[in-house]
Amino acid sequence: MNFDAAVAQFTQHNYDLLIARQEAQKSYANLITAKERPNPVLNGSYEFMNIKNHFSDTSTGSNAQATIILAHPIETGGKRDRRIDLAVHSITFNDFIYDETLRESLSSLIDTYYAVLSSQSDLANAEENARAYARVMVIAKVKLDSGFLSQMEYQKISLQQIDYIREIENNRRTLGQERENLALLLALPSSDISVTEPVSPIAAIAPLDEFLANIAERPDCKAAKENLAVAEAALKLEKANALPNITVGAEYASFGPDYQPLAGVNFSVPLPVYDRNEGDIERSRIGTLQAVNLYNKTLHMARTDVIQSYETAKSRETLYRIMEKGFIAAKELKEKQEKIFALKGISILELLDAQKSYRDYQKNLTHAAIDLHSAAVRLKLNSGSSLIDPKGH
C-alpha cells in the first residue's frame, strides 16, 4: 500500500470521518425545515348546548352556537426566504467543516503511515545487517581456527551478535504496534497492512511563495469565510423576525334555533409595542463582527502553519543531504575494514566501532529520508493542496 492508496482508504472508511460526514449531512435536514410554511389552524366549537333536550335544542330563543374557524398564518418580511438562505449557507459551512476535519485527520494518518514505513525500513536494515555480520562471524571463525584470532577476540565478536538479534526483535515489535495503529485508522485488519512505498529521494522543495499562494483555499479558511455568510444571513433573518406575521381566517357559524349558515372573515396582527426582537438582532450583529475577526485570525494561523511547515521541510532536506554524505563515508569505511579484517588483521575495537558507526548512519539516513517525505507531505497538507498526486507519483 503506497501513500495515495492509504489516503483513499482513509477518506472512505475511517470511522471518525464517517461519523463527521454524517454529522455534516444533518444540516440538510435544516433546509427541509426552512422550506416549510406555517400550518393552518382549524378551530371548532358547539356552545350553549341544552343537555336536557339531548343536544337537539330547537326552541325559540335558543343560545346554541356551532362555529368553525380556519386560520392561516402569513409570514411577512421574507422570513421563509431568509431561513432558506441561512440553511443553504449552513450546509456549505458544515461541508467545509468536514473538509477541515478531514485535513486535520490526515495529519494523524501522515504520522502513522510514515511511522510504519520507518519501522519497516528499520527492520529490513536490521535483518540485512545481521546477515552481513554473520559473514563476519564466518571469517572470524576461520581466523580463530587458523590461529590468527584469539579466543577472547572471537568472544567479543560473538557477543556482538546479541545486539543484532535485539535490534531485530525490537524493530519487529515496534512494526507490529505501528501496523495496528494504521489498521485502526484505515478500518482494515492489520494483516492487510503492508507499506510498499520505497524511501526514495524527493524533488527539491518549491519556493515558499508557491505554498502561500492558495492559503485562502484551505478548508478552515473557506469555513471561516462561509461562517461570515452564515452570520450575515442570521442577521437578516432576525431583522425579518422583528416584523409581525399576519393571521387571516375564514369563519362559519350557525345559531339556534334555525341554525342558518353564516360566514365571516377575521385577521390578527401582533403589535410590536414591547418585543421588537432587538436583543436577537444585536446578538446577530455582533456575531458578524466576530466572524470577520475569526476569518482574519484563521488566515493568519494558516499562513503561520505553512511557514513553519516550510521551514521544517527545508531543515529536513538539509539534514538528509548531510546524512547521505555521512552514510556513504561510513559504508566505505565499514567495507574497507571488513576486507582488512579478512585479509590481514585489524583491531577488534576498530572493526566493531566501524560496524556500529555504519548502523547509526544507516538508521539516521533512513529516518532522515522518511522525515523529509513526511515533512513534504505535511507542507502540502497545510498549504491546502491535495495529498494525492494526480500523476500517481
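Residues numbered from 1 in each chain as written. Predicted model: local features only at pLDDT ≥ 70, side-chain atom pairs only at ≥ 80, totals over all residues. Heavy atoms only, no water.

Caption draft 1: Inspection of the overall build of the chain at higher detail. The secondary structure content of the chain amounts to nine helices and four strands. Helices and strands appear in the chain in the N-to-C order α-α-α-β-β-α-α-α-α-β-β-α-α. Against the compact-globule benchmark of 21 Å for 393 residues, the chain has a radius of gyration of 38 Å, which places it well outside the compact range. Along the first, second and third principal axes, the C-alpha atoms of the chain reach 140 × 50 × 35 Å. Split into buried and exposed, the 393 residues of the chain put 37% on the buried side. Sequence-distant contacts, at least 24 apart, represent 82% of the contacts inside the chain between residues at least 6 apart. Of the roughly 23000 Å² that the chain leaves accessible, carbon and sulfur atoms contribute 56%. (Helix = DSSP H or I, 4+ residues; strand = E, 2+ residues; numbered from the N terminus. Rg over C-alpha atoms; globule rule 2.2 N^0.38 Å. Buried < 20%, exposed > 50% of the residue type's maximum accessible area, 1.4 Å probe, protein only. Contact = heavy atoms within 4.5 Å. Areas by Shrake-Rupley, 256 points an atom, 1.4 Å probe, with all protein chains shown as cover.)

Caption draft 2: A look at the pattern of salt bridges. Under the criterion given, the structure shown has 20 salt bridges. Arg378 serves as the salt-bridge partner of Asp111, at 2.3 Å between the closest nitrogen and oxygen. With Asp111 in helix H4 (residues 79-146) and Arg378 in helix H9 (residues 348-382), this residue pair connects regions lying 267 residues apart in the sequence. The salt bridge partner of Asp220 is Arg218, with a shortest N-O separation of 2.7 Å. Of the two residues, Asp220 and Arg218, neither departs from the other in class, the shared state being buried. Among the charged side chains, a salt-bridge network with shared partners connects Glu100, Arg103, Arg218, Asp220 and Asp305. (Salt bridge = Lys/Arg side-chain N within 4 Å of Asp/Glu carboxyl O.)

Caption draft 3: Representation of the sheet that holds strand E2 (residues 65-74) within the structure. Taken in spatial order, the four strands of this open sheet run E1-E2-E3-E4, and their pairing is antiparallel. With partners counted over all chains shown, the strands left at the sheet margins are strand E1 (41-47) and strand E4 (260-268), one partner each. The average angle at which neighbouring strand axes cross in this sheet is 15°, direction not considered. As judged from the seven bridges shared by E1 and E2, these two strands associate in the antiparallel manner. Across the sheet, residue Asn43 finds its bridge partner in E2, namely Ile69. (Pairing = 2+ DSSP bridges. Axes fitted to C-alpha atoms, helices over the stretch in contact; angles between N-to-C directions.)

Caption draft 4: Here's a closer look at H4. With 68 residues, H4 should reach 100 Å at 1.5 Å per residue; the first-to-last C-alpha distance of 100 Å fits that figure. Positioned one or two residues after H4, Gly147 has a phi angle of 85°, which is positive. (Expected span 1.5 Å × (residues − 1).)

Caption draft 5: Spotlight on the side chain of Thr366. If you trace the backbone, Thr366 turns up in helix H9. For Thr366, a relative accessible area of 13% gives the class buried. Among the polar contacts listed, one links the side chain of Thr366 to the backbone oxygen of Gln362, at a separation of 2.9 Å. (Polar contact = N/O pair within 3.5 Å; in protein donor to acceptor, adjacent residues only side chain to side chain.)

Caption draft 6: Representation of the pairing of E4 within the structure. With zero of nine residues buried, E4 lies mostly on the surface of the structure. In terms of strand pairing, strand E3 (residues 246-255) meets E4 through nine bridges, oriented antiparallel. By the bridge assignment for E4, Tyr252 is matched with Ala263. Joining the antiparallel neighbours E3 and E4 is a turn of four residues, in which Tyr259 adopts a positive phi near 55°.

Caption draft 7: Representation of the packing of aromatic side chains. By the definition in use, this model includes six aromatic pairs. Summarising the aromatic geometry, the rings of Tyr113 and Tyr114 are spaced 5.2 Å apart at their centres and angled 85° between planes, so their arrangement reads as edge-to-face. Consider the rings of Tyr133 and Tyr164, whose centres lie 4.6 Å apart with planes at 25°: the pair is stacked. With Tyr133 in helix H4 and Tyr164 in helix H5 (residues 151-186), the pair connects residues that are 31 residues apart, well separated along the chain. No difference in accessibility class separates Tyr133 from Tyr164, as the two residues are buried. An aromatic cluster is defined as three or more aromatic residues linked by ring pairs; in this entry it consists of Phe3, Tyr113 and Tyr114. Across the ring face of Tyr358, the terminal group of Lys334 is positioned such that the distance to the ring centre comes to 4.8 Å. Cation over ring: Arg359 sits above Tyr164, and NZ or CZ is 4.2 Å from the ring centre. (Phe/Tyr/Trp six-rings, centres within 6.5 Å; stacked < 30°, edge-to-face > 60°. Lys NZ or Arg CZ within 6 Å of the ring centre and 35° of its normal.)

Caption draft 8: Seen up close, the environment of Asp163. Note on placement: Asp163 falls in helix H5. Residue classification places Asp163 among the partly exposed positions, given a relative accessible area of 22%. Separated by 30 residues in sequence, Asp163 and Tyr133 have C-alpha atoms that sit 11 Å apart. There is a polar contact of 2.7 Å between the side chain of Asp163 and the side chain of Arg359.

Caption draft 9: View of the packing of H4 against helix H7 (residues 219-241). Where H4 meets H7, the axes come as close as 8 Å, and the angle between the chain directions of the two elements is 160°. With respect to their mutual orientation, H4 and H7 come out roughly antiparallel. Remark: the crossing between H4 and H7 carries left-handed chirality. Class assignment for the residues of the contact of H4 with H7 results in twelve nonpolar, five polar and eleven charged. (Parallel < 35°, antiparallel > 145°, perpendicular 65-115°, else oblique. Left-handed = near helix turned anticlockwise from the far one by under 90°. Nonpolar A, V, L, I, M, F, W, Y, C, P; charged D, E, K, R; others polar.)

Caption draft 10: The confidence of the model for the chain, seen in detail. In the predicted model, the chain carries a mean pLDDT of 87, and the fraction of residues at 70 or more is 93%. When pLDDT is averaged over each helix and strand of the chain, the minimum, 87, is found for H9 and the maximum, 95, for H7. (pLDDT = per-residue confidence, 0-100.)

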